[in-house]
Amino acid sequence: MNKLGKFAVAAVLGASAIALTATAASAAIACNGEGYCWHVRHSYMYHPEFGVSVHPDNWHWGARDHYVWHEHHGRGYWHNGVWITF
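Computed from a predicted model, the values in this text were never measured in an experiment. (Residues numbered from 1 in each chain as written. Predicted model: local features only at pLDDT ≥ 70, side-chain atom pairs only at ≥ 80, totals over all residues. Heavy atoms only, no water.)

Asker: Explanation requested: the overall build of the protein chain in the structure shown.
Answerer: From N to C terminus, the protein chain includes one helix and six strands. Going from N to C terminus, the protein chain has its helices and strands arranged as α-β-β-β-β-β-β. Considering only contacts within the protein chain whose residues lie at least 6 apart along the sequence, 51% involve residues at least 24 apart. Only carbon and sulfur atoms are counted for the fraction: they give 62% of the accessible area of the protein chain, which is about 6,500 Å². (Helix = DSSP H or I, 4+ residues; strand = E, 2+ residues; numbered from the N terminus. Contact = heavy atoms within 4.5 Å. Areas by Shrake-Rupley, 256 points an atom, 1.4 Å probe, with all protein chains shown as cover.)

Rendered as structure tokens:
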């Protein structure tokens, strides 16, 4: 493989690594009206009837707020203490 070909392959691999890192770093915090909060890794469109608010990853609840972390993997939301997958 010539130098130009090696450079092109290295550039593609480098750009792919940067794209994957940027995607993995994006996150948000979702909270419901029951006080459960969890991290979401992708942007989901929660229906208003789900009662879910989505905040930036650096969001923190206030001292008088009553939230708890209730993490779960996958797409869905907490409702009455049960994880609802969609």
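Asker: Sorry, what's going on with the state of the cysteines here?
Answerer: The tally for this structure, following the rule as stated, stands at one disulfide. Between the sulfur atoms of cysteine 31 and its disulfide mate cysteine 37 the distance is 2.1 Å. Across the S-S bond linking cysteine 31 and cysteine 37, the dihedral sits near 110°, which makes this disulfide right-handed. The class for cysteine 37 is buried, based on a relative accessible area of 0%. (Disulfide = S-S within 2.5 Å. Buried < 20%, exposed > 50% of the residue type's maximum accessible area, 1.4 Å probe, protein only.)

Asker: Sorry, what's going on with the environment of valine 54 here?
Answerer: In this fold, valine 54 is placed in strand 3 (residues 52-56). Taking the relative accessible area as the measure of exposure, valine 54 reaches 44% and is therefore partly exposed. The spatial distance from the C-alpha of valine 54 to the C-alpha of histidine 39 is 9.4 Å, given a sequence separation of 15 residues.

Asker: Is there a simple way to explain the sheet that holds strand 1 (residues 28-32) in this structure?
Answerer: Strand pairing in a sheet relies on backbone hydrogen bonds. The paired strands run either parallel or antiparallel. On the basis of which strands lie adjacent, the open sheet formed by four strands has the order 3-1-2-4 and mixed pairing. For this open sheet the edge positions go to strand 3 and strand 4 (68-69), each flanked by a neighbour on one side alone. (Pairing = 2+ DSSP bridges.)

Asker: Looking at this model, I keep getting lost on the side chain of asparagine 32. Mind explaining?
Answerer: In this fold, asparagine 32 is placed in strand 1. From its side chain, asparagine 32 meets the backbone nitrogen of glutamate 34 in a polar contact 3.0 Å long. Reaching out from asparagine 32, the side chain makes a polar contact with the backbone oxygen of tryptophan 78 at a distance of 2.9 Å. (Polar contact = N/O pair within 3.5 Å; in protein donor to acceptor, adjacent residues only side chain to side chain.)

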